[in-house]
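So you can see what is in the structure, the chains are spelled out below.
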Amino acid sequence: MGNNHRIKFTVDQQIEHMKSKGIRFTIEDEDFARQYLSNNTYFFKLKAYDKLYDKKDDTYIGLEFAYLRDLAIIDSLLRRIILRISIDIEHYLKVAMLRDFNDSEENGYSIIQRYIETYPNRMEKVLTQRSEGKACSNLIQKYKDDFAIWNIVEILSFSDFTNLYDMFYLRNRQPKYPNENPYKRVPYHYLFNPVRLLRNAAAHSNCLINSLKNPYISPEMFNFNHGISSFLGQHHIGNKRLNTQLSKPLIHDFCVMLYLYHKIAPLNVQFYAFKDLKDFLYGRAIKNKTYYQNHTVLISAYEFIVQVVDVFIKEVESKCAEPENITIL
């Protein structure tokens, strides 16, 4: 066994460990915490949010168990929103690609043959893993030797689909300028990676909010998107605030996701999604706002996201004659 292995804690020992680190139980007592850690979540998950708090002499400053629990709930609800929007993004990217496919010279089969030849190991893994006991098993068994672009999209992951999306547009759009970056021919290609990272994190129930002080991607790997900064700057969000908040990968990726959603989803779909997001921000997210009244990182991040969401809501409403009468078809 490695030297870094730690001993197993019972729930009572978990509580004692938190107390030894200065985490208090004055808002929610130890009996409540004991029940919560036994039935609702687990120690490692909840403790992840202590990264947001400062220490002095290895003891947290002003940290309550209730704060950790509240942050975990907010994070869980945020992940649900991210999944909803990112799944919509995938759907409407497929809609757009297949619409453009219908107007192209592609027959739908040769491009898939090329795709399988380009990603043979990946496709073999997808077909093997999903050929039995999965929702798409029937599709694979029916079309595995004769896939076309319109049916293969139903079995591909978001990452695999974006590879096909790239291939389609690279094959079917000509460069506008000599020596142009070929991926400029691929609509929204530059927005995919942040959305993919965020979607995967949410799908795997990874903690997100705790990364506001400890980013989930190293600075040298962080690919800042200037398009979202420019878009928000045009809507009167100041450069200082943009530079500060968009330097945080979670906030950056979340804003990129909203931007891509705004670009490709129908207005009626956007209207309700942004409304639900606003309800969350003005509702459950600040139910216990007194917990964080001195936490400048959380307050500034929250205020920025509220401002960003308001930008998108105003954009959608400005394009809808009567937004209150919109219905989802």
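Everything below is about the structure shown above.
Figured I'd write up the structure that's included with this text. (Residues numbered from 1 in each chain as written. Predicted model: local features only at pLDDT ≥ 70, side-chain atom pairs only at ≥ 80, totals over all residues. Heavy atoms only, no water.)

### Let's talk about the layout of surface pockets
Point 1. Within this model, the largest pocket holds a volume of roughly 480 Å³.
Point 2. In terms of lining residues, the largest pocket is bounded by 21 residues, among which Ile74, Ile209, Leu298, Ala301 and Tyr302 are the most central.
Point 3. In terms of residue count, helix α15 (residues 296-319) provides more of the lining of the largest pocket than any other element does, 6 residues in total.
Point 4. Partitioned by chemical class, the residues of the lining of the largest pocket number 19 nonpolar, no polar and 2 charged.
Point 5. Quantified by volume, the second largest pocket comes out at close to 290 Å³. (1 Å grid on protein atoms, 1.4 Å probe; cavity = no way out; pocket = protein on both sides within 12 Å on 5 of 7 lines; lining within 4 Å. Points joined across faces, edges and corners; volume = space filled by probe spheres on them. Helix = DSSP H or I, 4+ residues; strand = E, 2+ residues; numbered from the N terminus. Nonpolar A, V, L, I, M, F, W, Y, C, P; charged D, E, K, R; others polar.)

### A few points about unusual backbone geometry
Glycine aside, residues mostly have negative phi, and peptide bonds are mostly found in the trans state.
Point 1. Positive phi is not limited to glycine here, since Asp57 has a value of about 55°.
Point 2. Using a relative accessible area of 71% as the deciding quantity, one classes Asp57 as exposed.
Point 3. The phi angle at Tyr188 is positive, at roughly 70°, despite the residue not being glycine. (Buried < 20%, exposed > 50% of the residue type's maximum accessible area, 1.4 Å probe, protein only.)

### Remarks on the environment of Leu164
Point 1. Looking at the element boundaries, Leu164 is found in helix α9 (residues 158-172).
Point 2. Assessed through its relative accessible area of 0%, Leu164 is described here as buried.
Point 3. The sequence separation of Leu164 and Ile116 amounts to 48 residues, and the corresponding C-alpha distance is 9.7 Å.
Point 4. Excluding residues that lie within four positions of it along the chain, Leu164 makes contacts with Met97, Ile111, Ile112, Tyr115, Ile149, Ile152, Val153 and Leu156. (Contact = heavy atoms within 4.5 Å.)

### Thoughts on the environment of Tyr169
Point 1. Turning to its location among the elements, Tyr169 is positioned in helix α9.
Point 2. Measuring from C-alpha to C-alpha, the distance between Tyr169 and Pro182 comes to 9.5 Å, with 13 residues separating the pair along the chain.
Point 3. Contact partners of Tyr169, with chain neighbours within four places excluded, come to Ala96, Met97, Asp100, Arg185, Val186 and Pro187.

### Quick notes on the packing of helix α5 (residues 110-118) against α9
Point 1. In contact at an axis separation of 11 Å, α5 and α9 are set at 125° when each is read in the N-to-C sense. Taken together, α5 and α9 sit at an angle that is classed as oblique. Where α5 crosses over α9, the handedness of that crossing is right-handed. Only Asp160, Asn163, Leu164, Met167, Phe168 and Arg171 of α9 make contact with α5, whose side of the interface consists of Ser110, Ile111, Ile112, Arg114, Tyr115 and Thr118. (Axes fitted to C-alpha atoms, helices over the stretch in contact; angles between N-to-C directions. Parallel < 35°, antiparallel > 145°, perpendicular 65-115°, else oblique. Left-handed = near helix turned anticlockwise from the far one by under 90°.)

### What about the side chain of Ser86?
Point 1. With respect to the element layout, Ser86 can be found in helix α4 (residues 65-102).
Point 2. In terms of polar contacts, Ser86 uses its side chain to reach the backbone carbonyl oxygen of Ile82, at 2.8 Å. (Polar contact = N/O pair within 3.5 Å; in protein donor to acceptor, adjacent residues only side chain to side chain.)

### Some words on the pattern of salt bridges
Point 1. Within the structure shown, the criterion is met by 22 salt bridges.
Point 2. Between Arg84 and Asp276 there is a salt bridge, with the nearest N and O atoms lying 2.6 Å from each other. One end of the pair, Arg84, is in helix α4; the other, Asp276, is in helix α14 (residues 267-282), and 192 residues separate them in sequence.
Point 3. Owing to a relative accessible area of 34%, Arg84 belongs among the partly exposed residues under this scheme.
Point 4. The shortest N-O distance in the salt bridge between Asp310 and Lys278 comes to 3.9 Å. In this pair, Asp310 is assigned in helix α15 and Lys278 in helix α14, connecting sequence segments 32 residues apart.
Point 5. What you see here is one network of salt bridges that share partners, running through Asp12, Asp31 and Arg34. (Salt bridge = Lys/Arg side-chain N within 4 Å of Asp/Glu carboxyl O.)

### Some points on helix α11 (residues 226-233)
Point 1. Inspection of α11 places Ile228, Ser229, Phe231 and Leu232 among the buried residues, and these make up the whole buried set. One side of α11 holds all its buried residues, which, seen down the axis, span an arc of 165°.
Point 2. Residues of α11 that are buried sit in contact with α12 (239-245), α13 (249-264) and α15.
Point 3. Where α11 begins, the capping side chain belongs to Asn225, and its oxygen is found 2.9 Å from the backbone nitrogen of Gly227. (Arc of directions from axis to C-beta.)

### Regarding the packing of α4 against α14
Point 1. Between α4 and α14, whose axes approach to 11 Å, the crossing angle comes to 170°. As summarised for this structure, α4 and α14 are arranged roughly antiparallel, according to the angle between their axes. The residues of α14 that touch α4, namely those facing Ile74, Leu77, Leu78, Ile81, Arg84, Asp88 and Tyr92, are Val269, Tyr272, Ala273, Asp276, Leu277 and Phe280.
Point 2. For the contact of α4 with α14, the residue count by class is 10 nonpolar, no polar and 3 charged.

### Considering the packing of aromatic side chains
Point 1. Scanning the entire structure with this criterion turns up 19 aromatic pairs.
Point 2. Seen in terms of ring centroids, Tyr67 and Tyr292 are 6.2 Å apart; in terms of plane orientation they differ by 55°. Their pairing is tilted. In this pair, Tyr67 is assigned in helix α4 and Tyr292 in the loop between α14 and α15, connecting sequence segments 225 residues apart.
Point 3. Judged by relative accessible area, Tyr67 falls into the buried class, the value being 11%.
Point 4. Where Tyr115 meets Tyr119, the ring centres are 5.1 Å apart and the plane angle is 50°; that geometry is what we call tilted. (Phe/Tyr/Trp six-rings, centres within 6.5 Å; stacked < 30°, edge-to-face > 60°.)

### Topic: the side chain of Thr41
Point 1. For Thr41, the position within the fold is in the loop between α2 (30-39) and α3 (43-47).
Point 2. Relative accessible area serves as the criterion here: at 18%, Thr41 is assigned to the buried category.
Point 3. Those residues in contact with Thr41 that lie beyond four places of it in its chain are Tyr36 and Leu46.

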